[in-house]
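Listed below are the residues making up each chain.
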Amino acid sequence: MTPDAGSLAAPLVAPLTVPFDDLFWRDEYEPITESDAELAGIVERADLPALLAALAAALGDPSILEGDLRPPLTLVDTYAHPHGGMTPVQVDRARSVALAALRRLRDRGIRSVGVLPADQVDAILDFLTDGQPEYWPSLKHELDLAPDKNGAPGFAYADVAGDREFHVLVVGTGVSGIAASYRLLQAGVPFTVIEEAPALGGTWWKNRYPGVRLDTPTFGYSYSFAQKTDWPHQYAEGAEIHAYLAEVADRAGITERIEFGTRFETARWDEDAAQWVLTLTGPRGTEERRFHAVISALGQLDRPHIPGFPGLDTFAGRAVHSQEMDETIDTAGKRVVVIGTGASAYQIVPAIYQDVAQLTVFQRSAPWMIPADSYHEPMTETFDWLQRKVPYYGQWIRLWTVLLGIPGRFHTVTAEEGWHGVPLSVSAKNHEVREALIARMAEQYRDRPELLELAIPNYPPGAKRMLRDNGVWAEALQAPQTTVVSSGVGRITPEGVVDGDGVLHEADVIVFATGFKASDFLDGIEVFGRRGVELHGYWAGDSRAYNGITVPGFPNFFLIYGPNVNGVVAGSGHLMMERAAEYAVRAVGELLRRGARSLDVTEAATERFVSWVDAGNRRMAWGQDYISNWYQNAAGRVVTIWPYTNVEYWAATETIADGDYIFD
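These notes cover the structure that comes with them. Given the structure is predicted, the values throughout are model-derived calculations rather than measurements.

Considering the sheet that holds strand 6 (residues 285-291)
Thinking step 1. The mixed open sheet is built from four strands, whose spatial order is 6-5-4-18. On the outer flanks of this sheet lie strand 6 and strand 18 (526-528), each paired with one strand and no other. For this sheet, the mean angle separating the axes of adjacent strands, direction not counted, is 15°.
Thinking step 2. Here seven bridges tie strand 4 (residues 263-270) to strand 5 (residues 275-282), and the two strands are oriented antiparallel to one another. Within strand 5, the residue paired with Arg268 across the bridge is Val277.

Following this line, the structure appears as structure tokens:
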């Protein structure tokens, strides 16, 4: 017997109400008791644009943001520019202004800040963005103090639905699933969350290998509605991110709504009922359940990829994909082979090399690395003091981090038509960056020229994912117990791995750091839309979706972190995931407001969007026809990466446009 629509879904609750739309909002900060001399020392070590913004907001006095102090937002080629590229003269003046303002804050005993008048918000954003108002709408999404902070759904289920029954299923509890659940809670929409794993967190629960951490600054990887500021590390460790996600879900009341150990098997659209009939396998066995909408938050980097190496099943030791390398796998004193030199290997190798007996690293292509000397560093004492004592300083640092990421490094990886440096670079600027990075590597490998030759990639910077370099990778590869193999994997034997030259590398543990099936969206799940068309058949190996979210012929079905929703050289991927979740929830609200049963994106809108994205990707280093990377599908089309800034994605997802959707 098939249950009625939503009969097994979680009950309706009242809309979630959180002050300032921030689960980590602080009403009061610690008092400032330090002397003028101590405050001067703090200002000397502080990030000045964020500090000036925080002081202007706390004092309610944007006039301290003198026009000649505007950070010029100098574009970053390789090394980051302190204070957004402020000149020494600007820095000296800014410190003087900040110290005077900090003394005012202390002397007036200001320990809290509320929502600011709109004109004050605009004045501060005008200062931080160097007068670029096109940035402001997306930045206000991140700013609790803005009166028009704009992430919440903007509708209440009780108001737009009346007595109508409508239940949503959220699939997955990673970053995207938690974001979608939070916004549904805010709107009071009835929903259920399922998670195949025994715990929430998605990739941050699954990936527990040694050294796992962010490769983006911590403050660029948190929710606008959960602005934690007391992070321990500048690039958060994996366990810290997982703990954060768990705390967000607990604070919001999401955790108790999750059905763990439940797998999404199939979905079929029932046209007559305007419902999705889902086959789910969980603690109660396999059952059919009905929902009016589905939000799939299964992500891109979730399905491990291990090439079909000959002899793969013959190895006598322990062989695991990096996603399965948890605390139960002890590499100390062992002979370890790591296959791959991408993002996971780049973190694993430096984390284990000092304790292993022997380490062999199989490299197919060397990674490009951008300087990040603070990659393993804790937050500074100065930052800790400021986030505890200057109202909202941590949130302004977060906003500043998001702002600096908007232009990012696009200018360094944009291809120049007719450039003579192909295939090693795509433009004059790209070549300049290449030379600077090679010079850095030459210094790191100055005593090992044979390793330097292996370390220099044979493709343009930015054509594949660029990693963060604080020197530990070069250090690990030069250790006496480490061997780098570039002849490829020939076969795997019970004793270890035979390379392309026929040399056996004995091993006790093999780690496959070989990536994920990033382009195979909803791999292993069948979704049948209108007229019985199956989603993967519709895609025919070429995943595409309008705004990376909706697919023609699959009404009321939303993908979060779907095709082309992933940034690599600019912007915040976290913001894009959150924005996509908000778009899906707003689409549900629009459907309910219209009294429609379904909404379905048009083929024309989808093709227009995909053509625009494809054109953007063709301009980038990663989109050149001679490049191969995990961004592409089997046909060579880039299907995972967003080729524009967050500002363009913001604009694309601003409205549920009439002409782009059919409402039934």
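A short note on helix 4 (residues 118-128)
Thinking step 1. Among the residues of helix 4, Gln120, Val121, Ile124, Leu125, Phe127 and Leu128 are the ones counted as buried. Considered in projection along helix 4, the buried side chains sweep an arc of 155° and stay on one side of the axis.
Thinking step 2. Tucked inside the fold, the buried residues of helix 4 contact helix 2 (48-59), helix 5 (136-140) and helix 12 (393-405).
Thinking step 3. Just downstream of helix 4 lies Asp130, where phi reads positive at about 55°.

Quick look at the environment of Asn458
Thinking step 1. By the element assignment, Asn458 lies in the loop between helix 15 (449-455) and strand 12 (467-469).
Thinking step 2. Given a relative accessible area of 61%, Asn458 falls into the exposed group.
Thinking step 3. Once the C-alpha coordinates of Asn458 and Asp77 are considered, the two residues, 381 residues apart in sequence, prove to be 19 Å apart.
Thinking step 4. Ignoring any residue separated from it by four or fewer positions in sequence, one finds Asn458 in contact with Pro423 and Leu424.

A short note on the nonpolar core
Thinking step 1. Judged by nonpolar contacts, the single largest core of 185 residues is most densely connected at Tyr223, Ile295 and Trp396.
Thinking step 2. The element that contributes the greatest number of residues to this core is helix 18 (residues 573-594), accounting for 12 residues.
Thinking step 3. Contacts of Tyr223, omitting those with residues within four sequence positions, involve Gly174, Val175, Ile178, Ala179, Tyr244, Leu245, Val248, Arg398, His574 and Glu578.
Thinking step 4. Trp269, Phe291, Val294 and Leu522 belong to the second-largest nonpolar core, a separate cluster that totals 24 residues.

Remarks on unusual backbone geometry
Thinking step 1. Of note, the amide linkage connecting Val422 to Pro423 takes the cis form, showing an omega dihedral of 10°.
Thinking step 2. Residue placement: Pro423 occurs in the loop between helix 13 (410-413) and helix 14 (428-444).
Thinking step 3. The phi angle at Tyr392 is positive, at roughly 70°, despite the residue not being glycine.
Thinking step 4. Here Tyr392 is to be found in the loop between helix 11 (381-389) and helix 12.
Thinking step 5. According to the relative accessible area criterion, Tyr392 is buried, its value standing at 1%.
Thinking step 6. Located in the positive-phi region is Arg531, a residue other than glycine, with phi close to 60°.
Thinking step 7. Inspection of the secondary structure assignment puts Arg531 in the loop between strand 18 and helix 17 (535-539).

Concerning the packing of helix 7 (residues 175-187) against helix 18
Thinking step 1. Between helix 7 and helix 18, the shortest axis-to-axis distance is 9 Å and the interhelical angle comes to 40°. Viewed along their axes, helix 7 and helix 18 adopt a mutual orientation that is oblique. Between helix 7 and helix 18 the crossing geometry is right-handed. Each of Val175, Ser176, Ala179, Ala180, Arg183 and Leu184 in helix 7 lies in contact with helix 18, whose residues at this interface are His574, Met577, Glu578, Ala581, Glu582 and Val585.
Thinking step 2. Within the contact of helix 7 with helix 18, the residues separate by chemical class into seven nonpolar, two polar and three charged.

Focus: the pattern of salt bridges
Opposite charge on two side chains permits pairing when their charged atoms draw close.
Thinking step 1. Applying the stated criterion across every chain yields a total of 48 salt bridges.
Thinking step 2. Residues Arg335 and Glu506 are paired through a salt bridge, measuring 3.0 Å at the closest nitrogen-oxygen approach. Here Glu506 lies in strand 16 (residues 504-506) and Arg335 lies in strand 9 (residues 335-339), a separation of 171 residues in the sequence.
Thinking step 3. Arg530 is the salt-bridge partner of Asp664, the closest N and O atoms lying 2.9 Å from each other.

Points about the packing of aromatic side chains
Thinking step 1. Enumeration according to the criterion identifies 26 aromatic pairs in this entry.
Thinking step 2. Ring plane angle 65° and centroid distance 6.2 Å describe the contact between Phe609 and Trp612, whose orientation is recorded as edge-to-face. With Phe609 and Trp612 both in helix 19 (residues 603-618) and three residues apart, this pair spans about one turn of that helix.
Thinking step 3. Here the aromatic rings of Trp622 and Tyr631 are separated by 6.2 Å at their centres, their planes lie at 85°, and the arrangement is edge-to-face. Assigned by exposure class, Trp622 and Tyr631 land together as buried.
Thinking step 4. In textbook terms, an aromatic cluster arises when at least three aromatic residues are bridged by ring pairs, as seen for Tyr546, Phe609, Trp612, Trp642, Tyr644, Tyr649 and Tyr661.
Thinking step 5. Above the face of the Tyr459 ring, Lys464 is positioned so that its terminal group lies 4.9 Å from the ring centre.
Thinking step 6. Between Arg579 and the ring centre of Trp650, over which it is positioned, the NZ or CZ distance is 3.4 Å.

Observations regarding the packing of helix 7 against helix 9 (residues 238-252)
Thinking step 1. It is at 11 Å that the axes of helix 7 and helix 9 come closest, and there the two elements cross at 15°. Looking at the two axes, helix 7 sits roughly parallel to helix 9. Between helix 7 and helix 9 the crossing geometry is left-handed. Here Val175, Ile178, Tyr182 and Leu185 of helix 7 come into contact with helix 9, specifically with Leu245, Val248 and Ala252.
Thinking step 2. Its residues assigned to classes, the contact of helix 7 with helix 9 comprises seven nonpolar, no polar and no charged.

Rules and cut-offs
- Residues numbered from 1 in each chain as written.
- Predicted model: local features only at pLDDT ≥ 70, side-chain atom pairs only at ≥ 80, totals over all residues.
- Heavy atoms only, no water.
- Pairing = 2+ DSSP bridges.
- Helix = DSSP H or I, 4+ residues; strand = E, 2+ residues; numbered from the N terminus.
- Axes fitted to C-alpha atoms, helices over the stretch in contact; angles between N-to-C directions.
- Buried < 20%, exposed > 50% of the residue type's maximum accessible area, 1.4 Å probe, protein only.
- Arc of directions from axis to C-beta.
- Contact = heavy atoms within 4.5 Å.
- Core = buried A, V, L, I, M, F, W, Y, C linked by side-chain atoms within 4.5 Å.
- Parallel < 35°, antiparallel > 145°, perpendicular 65-115°, else oblique.
- Left-handed = near helix turned anticlockwise from the far one by under 90°.
- Nonpolar A, V, L, I, M, F, W, Y, C, P; charged D, E, K, R; others polar.
- Salt bridge = Lys/Arg side-chain N within 4 Å of Asp/Glu carboxyl O.
- Phe/Tyr/Trp six-rings, centres within 6.5 Å; stacked < 30°, edge-to-face > 60°.
- Lys NZ or Arg CZ within 6 Å of the ring centre and 35° of its normal.

Everything listed is a geometric property; what it means functionally is a separate question.
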